[in-house]
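# Structure at a glance
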Amino acid sequence: MTGNEIVTLAIAGASLIVAIVSGRIAWVATETSRKQLALVQRKIGMVSDPARMTEILPVWYIDRMANDVWGFGLLIASGDILGVETINGVSDDGQWMEVTLLAAPAEPESMNGVAITYAPVEDRRKASVRVDQVQAAFELWTS
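Source: prediction; values computed, not measured.

## Observations regarding a nonpolar patch on the surface
On the surface, a nonpolar cluster with roughly 360 Å² of combined accessible area is contributed by Met1, Ile6 and Leu9. Along the chain, the position of methionine 1 falls in the segment before α1 (3-42). Taking the relative accessible area as the measure of exposure, methionine 1 reaches 73% and is therefore exposed.

Right, dumping it as structure tokens:
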């Protein structure tokens, strides 16, 4: 084997090693990017602008309940009624609502025999509600 062939063989071997190392680095970078994307997709942001909330929830939720402070009832899948003062925000994935509960005691205490759940204490009235558990939304009283 000549000197030129040995040098060529050494360069080819070094190139192969560089290619293998580069491939491994690219694979690690791809896996890291995939994990980061999964984390970003799991994060939930809250939308508090009523105009943007209508892009996520039906207008009948937002038209009054995010633009007004009033007595609203949410009939949830369990059959209970949750007394809500206002909707503060909606998760950008449309799965959660952040609400302010009505302070107890408020009128009425029940509707059609179903007790209305109010905030247990005055200074802790924020709550999160799963949107898919809400069967109906309505006003509890008139002006």
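From this point, the narrative continues.
## Here we look at the pattern of salt bridges
A complete count under the given rule lists seven salt bridges for this structure. A salt bridge links glutamate 139 to arginine 64, with the shortest nitrogen-to-oxygen separation between them at 2.8 Å. Of this pair, glutamate 139 sits in strand β8 (residues 134-139) while arginine 64 sits in helix α3 (residues 59-65), and the two are 75 residues apart along the sequence. Since its relative accessible area comes to 31%, arginine 64 is described here as partly exposed. Between aspartate 132 and arginine 130 there is a salt bridge; the shortest N-O distance is 2.5 Å. Residue arginine 130 is classed as partly exposed on the basis of its relative accessible area of 37%. Taken together, the salt bridges that share partners define one network made up of Arg64, Asp68 and Glu139.

Reading guide: rules and limits
Per chain, residues are indexed from 1 in the order of the written sequence. Restriction of local features to residues with pLDDT of at least 70 applies here, the model being predicted, together with a cutoff of 80 or more for giving and counting side-chain atom pairs; totals for whole chains, interfaces and linings are based on all residues. As a convention, hydrogens and water are excluded, and side-chain values are obtained from all of the structure's heavy atoms. Here, patches come from residues exposed beyond 30% relative accessible area and free of salt bridges, joined within 9 Å for like charges and within 5 Å for nonpolar side chains (Val, Leu, Ile, Met, Phe, Trp, Tyr). Using a 1.4 Å probe, accessible areas were evaluated by the Shrake-Rupley method; residue-level cover was limited to the displayed protein chains. A pairing counts as a salt bridge when a side-chain nitrogen of Lys or Arg comes within 4 Å of a carboxyl oxygen of Asp or Glu. Secondary structure elements follow DSSP: runs of H or I of four or more residues count as helices, runs of E of two or more count as strands, with numbering from the N terminus. The rule is simple: take the accessible area with a 1.4 Å probe, protein chains only, and divide by the maximum for that residue type; under 20% is buried, over 50% is exposed, in between is partly exposed.

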